[in-house]
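Working through the structure, step by step
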2 protein chains.
Amino acid sequence: MAQNIYDNAEFFAGYSRLPRSVQGLDGAPEWPVLRALLPDVRGANVLDLGCGFGWFCRWAKEAGAAQVTGMDVSENMLARARAEGGAPVITYFKADMEGLSLREAAFNLVYSSLALHYVEKLDALVREAHKALKGGGALVVSVEHPMMTAPAHAAWSSDPDGRKTWPVSCYLEEGPRKTDWLAKGVIKQHRTMATYLNMLVRRGFDITHVEEWGPTLEQVAERPDFAPERERPPFLLLAARKRA
Amino acid sequence: MAQNIYDNAEFFAGYSRLPRSVQGLDGAPEWPVLRALLPDVRGANVLDLGCGFGWFCRWAKEAGAAQVTGMDVSENMLARARAEGGAPVITYFKADMEGLSLREAAFNLVYSSLALHYVEKLDALVREAHKALKGGGALVVSVEHPMMTAPAHAAWSSDPDGRKTWPVSCYLEEGPRKTDWLAKGVIKQHRTMATYLNMLVRRGFDITHVEEWGPTLEQVAERPDFAPERERPPFLLLAARKRA
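A few points on the structure. Model, not experiment: these values are computed from the prediction.

Thoughts on the environment of A:Arg230
With respect to the helices and strands, A:Arg230 occurs in the loop between helix H9 (217-222) and strand S11 (235-242). Given a relative accessible area of 15%, A:Arg230 falls into the buried group. Through-space distance from the C-alpha of A:Arg230 to that of A:Ala63 is 31 Å; in sequence the pair is 167 residues apart. The contacts of A:Arg230, once residues within four sequence positions are left out, are A:Pro215, A:Thr216, A:Leu217, A:Val220, B:Cys170, B:Tyr171, B:Leu172 and B:Glu173. A polar contact of 2.8 Å, which involves the side chain of A:Arg230, links it to the backbone oxygen of A:Pro215.

Put into C-alpha cells, the structure is as follows:
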C-alpha cells in the first residue's frame, strides 16, 4: 500500500491547520474552477476518492446528490468526517486506494481532490473508477501539477531579472519523490501530464477539460504571496467522461 | 499575419543547416514517436500545415497516400520542396496559416510539425483543420512544449547538485515570446498544455494520445548532448480524432 502520511501525527497536525482543512472548500483557492468542471449532482450517486474531512461529500449532499460515498485511508480524517454527520445520504469507508475494488456502473461522478498523486498503482485505480461509473459518467480530479512533482530540488529560484522561476528537472523520470511538506519524507508519485491523460484515454475516458490551475489576478491582489503560483501552476485539474 | 521568419536570410541559412533540414525526418529525433501516432496513410488524402522542405509530404507519398497537400508561408522553403518533385501526388501551396480557409471534409489526416507555435490565431486554424477533416479523420501535430516557450529567460540553470534545471516562469501568461534562435527576434506564441488540449476538445476533436517528447536513453547514449532534454521535454506531440 501507499504511504499513509495522513495518520502521521506531525503531518496530520499541520494538515489540520491548512486553510482548506479549517474553512473547507472555500479555503481551497482552486475550488471555484474545480466546481465549474462538475456535472449537476442533483439526484446523482457520487464517489469521493480521498475524501479527507468530508468537505466535498457534504457539499455534494447539500447540492442534492442522492448518495455520496467518501473513501479515505486515514482513520484520523474519517473520524472527523463522520463526526460532521451527513447520514444517511453520506457513507464513509476506510479504504486503501491501492487495490481498491468498486461496484460496477454504480456512480454518476467519481471525484478526487489532491489525492491521486499519492497513489502508486494509479492505472489500476483509473480502471476501477471507469468500471464504477455509469456510461457517460464524469471523472473530475485534481492532482499536484507534474511540474510541481518533477524536480529533484523543488524550491523556487530566480532569473536574472529577479523573477521567480521554478526549476524543472527529472520531468521524464516518473516515480516516487520524497519531499518535506508538513512532515519529513512525504512520498508523492511523479507522473507527466501525458501519462495522466493517456491513462484516462486508454481506459475508456474522453477528456472533456484540462485546467492548469493558478490563482487569478484577483486572488493574487487579495493574497500577494500567491503571485509565484502564476509562474508555474501548482495544480492540474482534469475532467473526463466515460465513453458510453 | 504571423512573422514569417523562414524568409529571413540569416534564419533560413541557419535552419537549412539543421540535421532535420539536411537529413530530413531521420534527422528529427522525435520522428519515430510522431510517426507512431499517424494513421495508415495508404490511399489517404493528407494535408501538411507548415510543410517546409516537404520531407513529410514525400514520406507520405512513399507510404502510399493518394494525395498530399503541403502548405507553407515561406517561398524559400516551397521552392526547395518543389524542386524535389512529387507531382502529381504532392501539391504545394503558399499559404499563411493565419486566416487560412480549407475545403470541407477533404482530408483523412492533417499533420503539422513544429509550426503551430508560430501561429497567433490558432483557434481559427484548429476550426479550419476540423472542418477540412472527414469524420474520424486524424490530427497529428508537434509543437514546442509549453515549458519551452513559457520562460521570460529561456536558458538552462542548475540545482544545488549540479543537475540541469529548466527555469519555468510566466507559464500562465500566454502570448508572444521573442527569442534569439538562429536569428534575433524570432517570435513564438506561448500557450499552456491546457489551452492546446481544450482548443481541440472544444472544436470537436477527441484526444487520442499526448506525448511529451524527450530523447530515449538510447538516443542520449548516442548523443550525450541530448541528456538535458530529458529533464524537460522539448516537444509536445498531440494526436486527436475528429468526432464522427
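Past the structure itself, the notes keep going.
Some points on the interface of chain A and chain B
Each partner contributes residues to the interface: chain A has 36 residues there, and chain B has 36 residues. Linking chain A to chain B there are 2 salt bridges. Between A:Arg230 and B:Glu173 there is a salt bridge, with the nearest N and O atoms lying 3.1 Å from each other. Remark: the boundary between chain A and chain B carries 21 residue pairs in polar contact (both at pLDDT 80 or more).

Considering empty space enclosed by the protein
Residue and element names in this part refer to chain A. Under the defined criterion, the tally for this structure stands at 2 cavities of 30 Å³ or more. Taken as a whole, the largest cavity spans an internal volume of roughly 130 Å³. Considering the residues around the largest cavity, the lining is formed by 15 residues, among which Leu-116, Val-126, Leu-139, Val-141 and Leu-200 are closest to the centre. Those elements that provide at least two residues to the lining of the largest cavity are strand S4 (107-113), helix H6 (122-132), strand S5 (133-144) and helix H8 (193-202). Among the elements that take part in the lining of the largest cavity, H6 stands out by supplying 4 residues, more than any other.

A closer look at the sheet that holds strand S3 (residues 90-94) of chain A
Residues and elements named next belong to chain A. Read from one edge to the other, the open sheet built from 7 strands follows the order S3-S2-S1-S4-S5-S11-S10, with strand pairing classed as mixed. Edge strands, defined here as strands with exactly one partner in the open sheet, are S3 and strand S10 (205-213). Here the average twist between neighbouring strands, direction ignored, is 15°. Of the pairings in the sheet, the one linking strand S1 (residues 45-49) to strand S2 (residues 67-72) comprises 5 bridges and is parallel in character. Paired with Leu-47 across the two strands is Thr-69, which belongs to S2. Against the sheet, helix H5 (residues 75-83) engages S2 and S3, with an angle of about 165° to S3. Contacts from H6 reach S1, S4, S5, S10 and S11, with the element oriented near 145° to S5.

A word on the pairing of strand S11 (residues 235-242) of chain B
Residue and element names in this part refer to chain B. Judged by how many residues are buried, S11 sits mostly within the fold: 7 of 8 residues are covered. Pairing of strand S5 (residues 133-144) with S11, which is carried by 7 bridges, proceeds in the antiparallel orientation. In the sheet register, Leu-139 faces S11, and the bridge partner there is Ala-240. In this structure, strand S10 (residues 205-213) lies alongside S11, joined through 8 bridges in antiparallel fashion. Considered in S11, the bridge of Asp-206 is made with Arg-241.

Remarks on the pattern of salt bridges
All names here are of chain A. Going through the model one piece at a time under the given rule, you end up with 25 salt bridges over all chains. With a closest N to O distance of 3.8 Å, Glu-62 and Lys-61 form a salt bridge. Members of the salt-bridge network, linked through shared partners, are Asp-123, Arg-202 and Arg-203.

A word on the side chain of B:Glu98
Residues and elements named next belong to chain B. Take Glu-98: it is sitting in the loop between strand S3 (90-94) and strand S4 (107-113). The side chain of Glu-98 is buried and forms no salt bridge, while Lys-121, the nearest opposite charge, is found at 4.9 Å. Within polar-contact distance, the side chain of Glu-98 engages the backbone nitrogen of Glu-120 at 2.5 Å.

Here's the deal with the side chain of A:Asp159
By secondary structure assignment, the location of A:Asp159 is in the loop between strand S6 (157-158) and strand S7 (164-168). Of the side chains with opposite charge, A:Arg163 comes closest to the buried, unpaired A:Asp159, at an N-O distance of 4.7 Å. When residues no more than four places from it in sequence are discounted, the contact partners of A:Asp159 are A:Thr165, B:Ala152 and B:His153.

Here we look at the state of the cysteines
Put plainly, two cysteines are in a disulfide when a covalent bond ties their sulfur atoms together. Considering all chains together, one arrives at 0 disulfides over all chains under this definition. Note on B:Cys51: no disulfide assigned, nearest cysteine sulfur contributed by B:Cys57 at a separation of 4.9 Å.

Some details on the nonpolar core
With 84 residues, the main nonpolar core has A:Leu139, A:Val210, B:Leu139 and B:Val210 as its most contacted residues. Filtering out sequence-adjacent residues up to four positions away, B:Leu139 remains in contact with B:Val110, B:Ala129, B:Leu133, B:Leu200, B:Phe205, B:Leu238, B:Ala239 and B:Ala240.

What about the relation of the copies chain A and chain B?
With an RMSD of 0.0 Å, the fit of chain A onto chain B corresponds to turning through 180° and sliding 0.0 Å along the axis. When the rotation and shift are considered jointly, the pair of chain copies conforms to a two-fold rotation axis. By C-alpha distance to the rotation axis, the residue of chain A lying nearest is A:Pro167, at 2.3 Å. When the interface residues of chain A are mapped onto chain B, 100% of them are again interface residues, pointing to one common binding face.

Some points on the packing of helix H1 (residues 9-16) of chain B against helix H5 (residues 75-83) of chain B
All names here are of chain B. Interhelical geometry of H1 versus H5 gives an angle of 40° and a closest axis separation of 11 Å. When the axes of H1 and H5 are compared, the pair comes out oblique. Judged by residue contacts, Phe-12, Tyr-15 and Ser-16 of H1 engage Asn-76, Met-77 and Arg-80 from H5. For the contact of H1 with H5, the class distribution of residues is 3 nonpolar, 2 polar and 1 charged.

Conventions and cut-offs
Residues numbered from 1 in each chain as written. Chains lettered and ligands numbered in written order. Predicted model: local features only at pLDDT ≥ 70, side-chain atom pairs only at ≥ 80, totals over all residues. Heavy atoms only, no water. Helix = DSSP H or I, 4+ residues; strand = E, 2+ residues; numbered from the N terminus. Buried < 20%, exposed > 50% of the residue type's maximum accessible area, 1.4 Å probe, protein only. Contact = heavy atoms within 4.5 Å. Polar contact = N/O pair within 3.5 Å; in protein donor to acceptor, adjacent residues only side chain to side chain. Salt bridge = Lys/Arg side-chain N within 4 Å of Asp/Glu carboxyl O. 1 Å grid on protein atoms, 1.4 Å probe; cavity = no way out; pocket = protein on both sides within 12 Å on 5 of 7 lines; lining within 4 Å. Points joined across faces, edges and corners; volume = space filled by probe spheres on them. Pairing = 2+ DSSP bridges. Axes fitted to C-alpha atoms, helices over the stretch in contact; angles between N-to-C directions. Lys, Arg positive; Asp, Glu negative; His and termini not counted. Disulfide = S-S within 2.5 Å. Core = buried A, V, L, I, M, F, W, Y, C linked by side-chain atoms within 4.5 Å. Least-squares fit on C-alpha atoms with pLDDT ≥ 70 in both. Parallel < 35°, antiparallel > 145°, perpendicular 65-115°, else oblique. Nonpolar A, V, L, I, M, F, W, Y, C, P; charged D, E, K, R; others polar.

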